[in-house]
Amino acid sequence: QMQLVESGGGLAQPGGSLRLSCAASGFTFSDFTMTWARQAPGKGLEWVSGIFKDGTTSYYTDSVQGRFTIFRDNANNTLYLQMSSLQPEDTARYFCVKLPRHWGPVIVRTRAATRDFGFWGQGTQVTVSS
């Protein structure tokens, strides 16, 4: 059974940090590009970050560049998103997403975020507020 289980969300103050985790099972984790997407209240889905299967290539949307870091531990089938300098605009539900086979992380620059692509977890809520 293929599963992606996110954790680590919660409440943070502006300027604070959180680390999200995604535990993967039911597929060969190291064969796939993995990504994070998010959906803010009342807004659509947005690609946030992605990382190639071996960790050699990564992608960040402009709004999080320099503040977020994506990394993965293939030995433990886990994807991470380290979020620093959090802003209220980062408030959203964050989803771990497995991209289709052979897709690299940069391809999301030319694709709208939609559940039609890849396999999605249930998400974890991040709220940034004073």
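Our structure is the block above this text.
Residues numbered from 1 in each chain as written. Predicted model: local features only at pLDDT ≥ 70, side-chain atom pairs only at ≥ 80, totals over all residues. Heavy atoms only, no water.

Caption draft 1: Spotlight on the pairing of strand S1 (residues 3–7). Side chains Leu4 and Glu6 of S1 all project onto a buried face; the interleaved residues Gln3, Val5 and Ser7 project onto a face where none is buried. Judged from the five bridges that link them, S1 and strand S3 (residues 18–25) form a sheet pairing that is antiparallel. By the bridge assignment for S3, Val5 is matched with Ala23. (Buried < 20%, exposed > 50% of the residue type's maximum accessible area, 1.4 Å probe, protein only. Helix = DSSP H or I, 4+ residues; strand = E, 2+ residues; numbered from the N terminus. Pairing = 2+ DSSP bridges.)

Caption draft 2: Highlighting the pattern of salt bridges. By the definition in use, this model includes three salt bridges. Here Arg38 and Asp90 are joined by a salt bridge, their closest N and O atoms 3.0 Å apart. With Arg38 in strand S4 (residues 34–39) and Asp90 in the loop between strand S8 (78–83) and strand S9 (92–98), the pair connects residues that are 52 residues apart, well separated along the chain. By relative accessible area, which is 6% here, Arg38 ends up buried. Via salt bridges that share partners, Arg38, Glu46, Arg67 and Asp90 belong to a single interconnected network. (Salt bridge = Lys/Arg side-chain N within 4 Å of Asp/Glu carboxyl O.)

Caption draft 3: Main features of the sheet that holds S8. Strand order in this open sheet of four strands is S1-S3-S8-S7, and the pairing throughout is antiparallel. If you trace the sheet from one side to the other, it starts and ends with S1 and strand S7 (68–73), each paired once. Across the sheet, the mean angle from the axis of one strand to that of its neighbour is 15°, orientation sign disregarded. In this structure, S3 lies alongside S8, joined through six bridges in antiparallel fashion. Within the sheet, the bridge partner assigned to Arg19 lies in S8 and is Gln82. (Axes fitted to C-alpha atoms, helices over the stretch in contact; angles between N-to-C directions.)

Caption draft 4: Region of the structure containing the environment of Trp120. As for its position among the elements, Trp120 is in strand S10 (residues 119–120). Through-space distance from the C-alpha of Trp120 to that of Gly104 is 16 Å; in sequence the pair is 16 residues apart. Leaving out residues up to four positions away in the same chain, Trp120 has contacts with Leu4, Ala37, Leu45, Trp47, Phe95, Cys96, Val97, Thr114 and Arg115. Separated by 2.9 Å, the side chain of Trp120 and the backbone oxygen of Phe117 make a polar contact. (Contact = heavy atoms within 4.5 Å. Polar contact = N/O pair within 3.5 Å; in protein donor to acceptor, adjacent residues only side chain to side chain.)

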